[in-house]
Amino acid sequence: MPQGSFQSLAQAVEAHYEELRRFVLRRTGSQALAEDVVQETWIRASTSAGAMPDNPRAYLYRMAGNIAVDHLRRVRRQEGLEPAAWDDDPLSVSDRALLEIASSEPIADEVAAAREELAILSTAIRELPEKCRLVFLLYRGEGLTMREVALRLDISEKTVENHLARAMVHCRRKLREAGRKV
């Protein structure tokens, strides 16, 4: 089933159930934990009231990884082991690897999507008229305030506002044309 055709996040879990289970199994080494984690992923997905993510598969991998880390942390706490004591525990090698997986670093699908989006935006910005592009880059790229942009370019703040609005509309249109939800 193509990624965009899921009606719900729970449906995406069902479609990717086996690969999610294998993903968690590789990271934890426990068949029972892998099944529990994917089951909990399905439950959370079923009760999620949020909007469907652009990349449900990547979102589910992140969710399953985080749930697995939560399970491992809970077990460690129940065993009375503090994170510092994990260094002496032979099982902690896979635990630490799993903790790294659930870090804030994006997964490959997210990186690819972000690069694609950056390319779309870069092209859109290059298409802007020169003054509009300059205003946009000073405001968004360099972080200047509208007043600072106006002073630097010797134009009114209202003109800066108009250029920014034009640039944002153009960028949003290009993202939508590329199939992004903005």
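About the cut-offs
- Residues numbered from 1 in each chain as written.
- Predicted model: local features only at pLDDT ≥ 70, side-chain atom pairs only at ≥ 80, totals over all residues.
- Heavy atoms only, no water.
- Core = buried A, V, L, I, M, F, W, Y, C linked by side-chain atoms within 4.5 Å.
- Buried < 20%, exposed > 50% of the residue type's maximum accessible area, 1.4 Å probe, protein only.
- Helix = DSSP H or I, 4+ residues; strand = E, 2+ residues; numbered from the N terminus.
- Contact = heavy atoms within 4.5 Å.
- Salt bridge = Lys/Arg side-chain N within 4 Å of Asp/Glu carboxyl O.

Enquirer: Would you mind going over the nonpolar core in detail, with residue names and values included?
Expert: Residues V13, L20, V24, V37 and L60 are the most contacted members of the largest nonpolar core, which totals 20 residues. Secondary structure elements with two or more residues in this core: α1 (9–15), α2 (17–28), α3 (31–47) and α4 (56–78). In terms of residue count, the dominant contributor to this core is α4 (seven residues). Excluding residues that lie within four positions of it along the chain, V24 makes contacts with G29, L33, A34, V37, A64 and A68. Listed in part, the 16 residues of the second largest apolar core include F136, L144, L153 and A167.

Enquirer: Break down the pattern of salt bridges for me, with residues and values.
Expert: For the structure on display, the rule yields ten salt bridges. Taking the shortest distance from any N to any O, the salt bridge between E40 and R44 comes out at 2.7 Å. Within this pair, E40 and its partner R44 are both found in helix α3, separated by four residues, close to a single helical turn. In this structure R44 comes out as partly exposed when scored by relative accessible area, which is 36%. Taking the shortest distance from any N to any O, the salt bridge between R173 and E177 comes out at 3.7 Å. Of this pair, R173 and E177 are both found in helix α9 (residues 157–177), four residues apart, which corresponds to roughly one turn of the helix. Judged by its relative accessible area of 40%, R173 is partly exposed. The network of salt bridges with shared partners includes E127, R173, K174 and E177.

It is worth stressing that arrangement in space is one thing and function is another; only the former is reported here.
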